[in-house]
Amino acid sequence: MKIKENIILKEIVREGNTVRYRFEVSVAIRPYFTTNEMFVSYDDGIDLSEIPDSILAIPFVGSVIALSWLIDAVLWVKDIDDTFYKSARNLKLAYSELYPHYKFGGRFVAANRHFNTISGNRSHESEALLLFSGGIDAHTSYIRNIGKKPLLCNIQGWLKDPESESKAQKSDFHDIHEFARREGCGEALIKSNFATVVDGRYFSKSLGKKIGDSWWHGFQHSMSFISIAIPVAYQYGIAEILIASSHSIGSKGICASYPTTDTEFRFATRGYTVHDAFEMTRQDKVAFIVDFQKRSDKPYPIRVCSFNDHNCGVCVKCFRTILEIISEGGDIADFGFYKPENMREYYDKYIRSHYIEFGINREALLFWPEIKRRIKENYNTIEEKDFVDWFNSVDFVAERKKAVLKYRIRNFFPLLRKKLMGSDSEAQR
């Protein structure tokens, strides 16, 4: 019988609003990890002294348990919430159904299981906790659940230590704080290193091809987000955690956040998770937000740009969102986007000079057909008709092929030299 490898949570240490998880792993699986300590730094509203270890262990367990399934390791903890412990079995089954071609192993062993219950007397006015990034999905779920006064929870997982900051984290925290203040919502802004505890590159090298997905996309992000949010929900007596859907009914895409997996999270007897708005496509969500903005008759800024502290307006994601808003009869200026005086001229010039790096093929396949359908249906309500006429008239895929061919001809010898040098390096290895 094969002896399983071990992941052992040795110690949970509270330091003010920061909790540190010190763990050990067997030598054979050590390359999967970049560190032996994970931290989560909560904001001032959370008193860690009031949260039992059996609840506080959940963020660590949720961040590594999927890896234990995939590498057939035993995850050991001293204390765990009984409701969460039982839900972990269903979580494992749900993920194994997403990846039926891969055998899930591992075991989860707790020395002590504790029967916690969320207090019926909430210490916070929010009826739900919403994992909130500030993008289209998150804003849709916020508007759909606005009557619950959701607590907006944003978790940044790429920090080196509790004192460090990043540009993305600072801008996200600032935007969410301003939105929460404007809407009269509570907020929980959390820093962690959870996203770097497992070595994603080693995971891809070791298991990526066998599984057909990466660690972050396929297994980690929602597992960690929900798990790290559970102590917040427990502290405030909130039973419902909301996570916005990334995909929709009928789509081929799957990822760590899926209706069959997220909804298996249970905690503290009454705690549960809702995977929200899976029945809506991305275009449906944009239409929903545009309609809400028009009815409120005031600006509703959103930020979809992944690499800036503002909407750059010219990356693939910004361009897609601009098209979606306009196709629903919205004014992009009302949603936090720069509006050029002549949109057709501005974007025609930009895209012509950036065909090489612009991700046109994927956009044209996954998103643009529905955008074009909505342009046709809503044409009479669209103000930027010249812009959408241009968009409909250009064969972007064909134009990109021409641009790529010209680039290769123009740079034939440098590209050949680079390829040969790469081949020599590979041969030497």
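My aim in this report is to walk through the structure given alongside it, one point at a time. (Residues numbered from 1 in each chain as written. Predicted model: local features only at pLDDT ≥ 70, side-chain atom pairs only at ≥ 80, totals over all residues. Heavy atoms only, no water.)

### Points about the packing of helix H4 (residues 136-144) against helix H10 (residues 282-296)
In helix packing, the relevant descriptors are the interaxial angle and the interaxial distance, both defined with respect to the helix axes. Interaxial distance between H4 and H10 falls to 9 Å at its minimum, and their mutual angle equals 55°. Of the possible angle classes, the one that applies to H4 and H10 is oblique. You can see that H4 and H10 cross each other, and the crossing is left-handed. The segment H4 lies against H10, with Ile136, Asp137, His139, Thr140, Ile143 and Arg144 engaging Arg282, Lys285, Val286, Phe288, Ile289 and Phe292. (Axes fitted to C-alpha atoms, helices over the stretch in contact; angles between N-to-C directions. Helix = DSSP H or I, 4+ residues; strand = E, 2+ residues; numbered from the N terminus. Parallel < 35°, antiparallel > 145°, perpendicular 65-115°, else oblique. Left-handed = near helix turned anticlockwise from the far one by under 90°. Contact = heavy atoms within 4.5 Å.)

### Notes on the pattern of salt bridges
Scanning the model with the defined rule gives 27 salt bridges in all. Measuring nitrogen to oxygen at the nearest pair gives 2.8 Å for the salt bridge that ties glutamate 240 to lysine 148. A residue pair is termed long-range when its members are at least 10 positions apart, and glutamate 240 in strand E9 (residues 240-244) and lysine 148 in the loop between H4 and strand E7 (151-156) qualify at 92 residues. Overall, glutamate 240 belongs to the buried group, its relative accessible area being 8%. Arginine 303 is paired through a salt bridge with aspartate 172; the nearest N and O atoms lie 2.3 Å apart. Taken as a pair, arginine 303 in the loop between H10 and helix H11 (316-327) and aspartate 172 in helix H5 (residues 167-183) lie far apart in primary sequence, 131 residues in all. As far as burial versus exposure is concerned, arginine 303 and aspartate 172 are alike and both buried. (Salt bridge = Lys/Arg side-chain N within 4 Å of Asp/Glu carboxyl O. Buried < 20%, exposed > 50% of the residue type's maximum accessible area, 1.4 Å probe, protein only.)

### Quick look at the sheet that holds strand E4 (residues 73-81)
Taken in spatial order, the 11 strands line up as E5-E4-E1-E2-E3-E8-E7-E6-E9-E11-E10 in an open sheet, and their pairing is mixed. Since the sheet does not close on itself, it has two edges, and those belong to strand E5 (107-114) and strand E10 (266-267), each with one partner. Sheet strands in contact with H4 are strand E6 (128-131), E7, E9 and strand E11 (271-276), and its direction is about 165° off that of E6. Taken strand by strand, H5 contacts E7 and strand E8 (187-192), and its axis lies near 180° from that of E7. (Pairing = 2+ DSSP bridges.)

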